[in-house]
Amino acid sequence: MPTIVELLAHPERRRPSPPAPRANLARVLLAGMAVWGVALVVSLVMALTGAGNWSAVAVCGTGLALGAPGILWAGRHRD
């Protein structure tokens, strides 16, 4: 087994990196948007009842809104 110094001196002796795992980014983004949507409803109810603040609603709304361009990006950059 080569030492770390040998591998740093001769990087061509290293094993090749494994391929990156494939993932459906649109599905991941939709799941994230669903979580933001639930959090938006919860924070909205809390803000309306006085148990929370409106900045939480804004954060959840922003997270939900940023998911839409993310889905468009994932659709264009699909391999």
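Conventions we followed
Residues numbered from 1 in each chain as written. Predicted model: local features only at pLDDT ≥ 70, side-chain atom pairs only at ≥ 80, totals over all residues. Heavy atoms only, no water. Helix = DSSP H or I, 4+ residues; strand = E, 2+ residues; numbered from the N terminus. Expected span 1.5 Å × (residues − 1). Buried < 20%, exposed > 50% of the residue type's maximum accessible area, 1.4 Å probe, protein only. Contact = heavy atoms within 4.5 Å. pLDDT = per-residue confidence, 0-100.

Notes on helix 3 (residues 54-76)
The α-helix winds at 3.6 residues per turn, so residues separated by three or four positions along the chain end up facing the same way.
(1) Moving on: The terminal C-alpha atoms of helix 3 lie 34 Å apart, and with 23 residues this matches the ideal 33 Å at 1.5 Å per residue to within 8%.
(2) Moving on: Where helix 3 is concerned, the buried positions are Val57, Cys60, Gly63, Gly67, Gly70 and Ala74.
(3) Moving on: Along its buried surface, helix 3 packs onto helix 2 (25-49).

Looking at the confidence of the model for the protein
(1) Moving on: The predicted model of the protein has a mean per-residue pLDDT of 90, with 99% of residues at 70 or higher.
(2) Moving on: Looking at the elements of the protein, mean pLDDT is at its lowest for helix 1 (residues 4-9), recorded as 82, and at its highest for helix 2, recorded as 96.

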